[in-house]
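# Structure assessment
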Amino acid sequence: MTIKSLLPLIAATLVCGGSVFVEARQPKPPAAVVKPKVSQPVQPKWKLYTAPDGRFSILMPGNPNRNTQFQKTYMGEITLQIFVAQPPKQQVAYVVAYNDFPYSYGQITDPQALLNNARDMALKTTKSNLISQKNIRSSNNHPGKEIEYINSGGKITRSRMYVAEGRLYQVMAITTKKQQKTLAKTITGYLNSFHVVLKKPNN
């Protein structure tokens, strides 16, 4: 498969596009049963997560699983780092993915062009329809874009993407229509908590 876009999002969007979710089907209880105790959904413990390289921090519902993917592009092979956290008994996945660009390419390319390509690639690889989009800035003023889209299976992704110091960050929450309504505030808080940590200048 030829990757026409410069952004290696296929691995991330394959993860986010369906395989992350295990559809929860509760077994039917026996016909005659003692009145069960009503169990409350397990509320995840949210805590601040800092990337291994220290370049971003975000609130996550527990420690995310980390996955590394390698994608070949016309710029050469690019490494994609993916962090995924899934609270128990909830149809939602919280994902952060990033990749670095070759230095020369990141310096000469318009950030908005990178963000537009990232949006187009995400929609294409997940076969999704765009619901909304807007230009945003990170907490330390890096250019970004927020998009929301839905795939044919009804999964809704809300994503914020930023270009900072030669790196593309994608912060996503993928859920169902039903869960999106109940988790709207939580998802907004999660997206708002993302912070790009600037590289320290070399002494």
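Scroll up for the structure.
First, a word on what this report is: a plain description of the structure on this page. The model shown is predicted, which means the values in this text are computed figures rather than measured ones. (Residues numbered from 1 in each chain as written. Predicted model: local features only at pLDDT ≥ 70, side-chain atom pairs only at ≥ 80, totals over all residues. Heavy atoms only, no water.)

## Some thoughts on the environment of tyrosine 169
Relative to the assigned elements, tyrosine 169 resides in strand E9 (residues 167-175). The buried category is assigned to tyrosine 169, whose relative accessible area is 0%. Sequence separation of tyrosine 169 and asparagine 99 is 70 residues, and the distance between their C-alpha atoms is 7.0 Å. With near-sequence residues (within four places) excluded, tyrosine 169 lies in contact with Arg55, Phe56, Ala97, Tyr98, Arg160, Met161, Tyr162, Ala164, Phe194 and Val196. (Helix = DSSP H or I, 4+ residues; strand = E, 2+ residues; numbered from the N terminus. Buried < 20%, exposed > 50% of the residue type's maximum accessible area, 1.4 Å probe, protein only. Contact = heavy atoms within 4.5 Å.)

## A short note on the pattern of salt bridges
As enumerated under the stated definition, the model contains six salt bridges in all. Its salt-bridge partner being arginine 167, residue aspartate 100 comes within 2.7 Å of it at the nearest N-O pair. Of this pair, aspartate 100 sits in strand E5 (residues 92-100) while arginine 167 sits in strand E9; the two residues are 67 residues apart in sequence, bridging distant segments of the chain. Across the pair glutamate 146 and arginine 160 runs a salt bridge, and its minimum N-O distance is 2.9 Å. Placement of glutamate 146 in strand E7 (residues 143-151) and of arginine 160 in strand E8 (residues 156-164) is noted, with a sequence separation of 14 residues between them. Each member of the pair, glutamate 146 as well as arginine 160, is classed as buried. Residues participating in the shared-partner salt-bridge network are Asp53, Asp100 and Arg167. (Salt bridge = Lys/Arg side-chain N within 4 Å of Asp/Glu carboxyl O.)

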